[in-house]
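Residue-level structure breakdown
The residues making up each chain are set out below.
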Amino acid sequence: MTRIAAVHGVLPPHRHTQRAVTDMVARTCLPEGADRRLLDRIHAHAGVRTRNTVLPLESYGRLDGFGAANDVFIDAAVDLGAEAVRGALREAGLRPTDVDLLMFTSVTGIAAPSVDARLVGRLGLRPDVKRLPVFGLGCVAGAAGVARLHDYLLGRPGHVAVLLSVELCSLTFQRDDASAANLVATALFGDGAAAAVLVGAGHPAPVDGPEVVDTRSRLYPDTQHIMGWDIRGSGFTVVLDPAVPDVVRRYLAEDVTAFLEEHGLKPKDIARWVSHPGGPKVLEAVADVLSLPEGALDITRRSLAETGNLSSSSVLHVLRDTMRQRGPEPGTPGLLMAMGPGFCCELVLLRW
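The rules behind the values
- Within each chain, residue numbers correspond to sequence positions counted from 1 in written order.
- Two thresholds apply to this predicted model, a pLDDT of at least 70 for residue-level local features and 80 or more for giving and counting side-chain atom pairs, whereas whole-chain, interface and lining totals are computed over all residues.
- Note that water and hydrogens are dropped before the side-chain values are worked out from all heavy atoms of the structure.
- UniProt positions are given in the numbering used here, feature names are shortened, and annotations may be inferred rather than shown by experiment.
- Helix and strand assignments follow DSSP, with helices taken as H or I runs no shorter than four residues and strands as E runs no shorter than two, numbered in order from the N terminus.
- For a compact globule the rule gives 2.2 Å times the number of residues to the power 0.38, and the radius of gyration it is set against comes from C-alpha atoms.
- When accessible area is computed with a 1.4 Å probe and restricted to protein chains, residues below 20% of their type maximum are described as buried, those above 50% as exposed, and intermediate ones as partly exposed.
- We score Asp and Glu as negative and Lys and Arg as positive, and we do not count His or the chain ends.
- Taken as the charge location is NZ of Lys, CZ of Arg, CG of Asp or CD of Glu.
- The contact rule is simple, with two residues in contact once any of their heavy atoms fall within 4.5 Å.
- Side-chain atoms alone can form a polar contact between residues adjacent in sequence; in general such a contact is a pair of N or O atoms within 3.5 Å, and within protein one must be able to donate a hydrogen while the other accepts it.

Naming follows an unreviewed UniProt entry, where the protein chain appears as Chalcone and stilbene synthase domain protein of Streptomyces pratensis. Taken from UniProt, the Sequence similarities (unreviewed entry) comment for the protein chain reads in full: "Belongs to the thiolase-like superfamily. Chalcone/stilbene synthases family."

Helix and strand counts for the protein chain come out as 10 helices and 13 strands. Relative to the 2.2 N^0.38 estimate, which gives 20 Å for 352 residues, the radius of gyration of the protein chain is 19 Å and therefore close to what a compact globule would have. Projected onto its principal axes, the C-alpha coordinates of the protein chain cover approximately 65 × 50 × 35 Å. Residues classed as buried in the protein chain amount to 59% of the 352 residues present. Of the charged side chains in the protein chain, 36 are positive and 40 negative; the average position of the first set lies 3 Å away from that of the second.

Following the UniProt record, the feature "domain: Chalcone/stilbene synthase N-terminal" (unreviewed entry) maps to residues 8-202 here. Between the end C-alpha atoms of residues 8-202 the distance is 23 Å, and the span holds 42% helix and 21% strand.

Our next topic: the environment of serine 313. Among the structural elements, serine 313 can be located in the loop between helix H9 (298-307) and helix H10 (314-324). Look at serine 313 and you get buried, because its relative accessible area is 0%. Sequence-distant contacts of serine 313, that is, excluding residues within four places in its chain, are made with Ser165, Val166, Glu167, Gly192, Ala193 and Ala194. A distance of 3.5 Å separates a polar atom in the side chain of serine 313 from the backbone oxygen of glycine 192.

Printed below as a string of structure tokens:
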């Protein structure tokens, strides 16, 4: 089976309490003298205590349009991406020249040449490395990236593939926008990056990480309006419908149950749940519909509290923290899952 050799997460240098971010949003998003009680309430109930941002908070009010924000994205994505990939390869005991495929995903900035292309020389990757930049999967891309690298390694079992996610969500916060969607986004999302190294079944590297057993993708009908971006002159304007938890409650249990049944498993057999954090209401919906035991999503909830929702990077941070835990017994099943624009779900069955 494909194995996950290492996952390395990184955060940008500027760390803030939730209250400090709330005050910054009040200054940059609300009209002068506006009542901020709704903003305070949304931020207080987001399940987030601290977050990291790529810029100091006082710099966000000075960002002049999409171009300026995207320039910051490119420079920072290359720096954070290099740190994440180097760390993951070091932990996997591999060299940059061992990498056969580099997949890069982000939904918070764009670049051509893509960020992965800018990293080849900087990291010392081979000039014949395969590259796959992906935009648009959003929060689901961490799980989908692991799944697609597994697909690749099934066909090339002797290869090494790396998934890099860089999400600088703070650069998408919209100034002078007091809409509920923007206020919710500013309450939940943070900045971060992560890299995962996967090796095929035929690669000689000794790997202790979990095996990827199988994957499942699901796109839900008539839900394109639920989550995404409206692209405007000011950049990426969030589309975030309050119905997201309702969609989770409607579809997730059936998908997870059917997927596990194909492998003779039930949700109660899963020892490790590696879930994208979404937000408090989404996590509540996940726990309810899957009847998860107390504590099953503790690592996910802690990730949300300490770093916020990092879009596609979050589930990789949760996977890293899960892999650092002792146990479980060899052969124990786990499930990695995330949801995102489309609206869609990605499931990855793991075996420790």
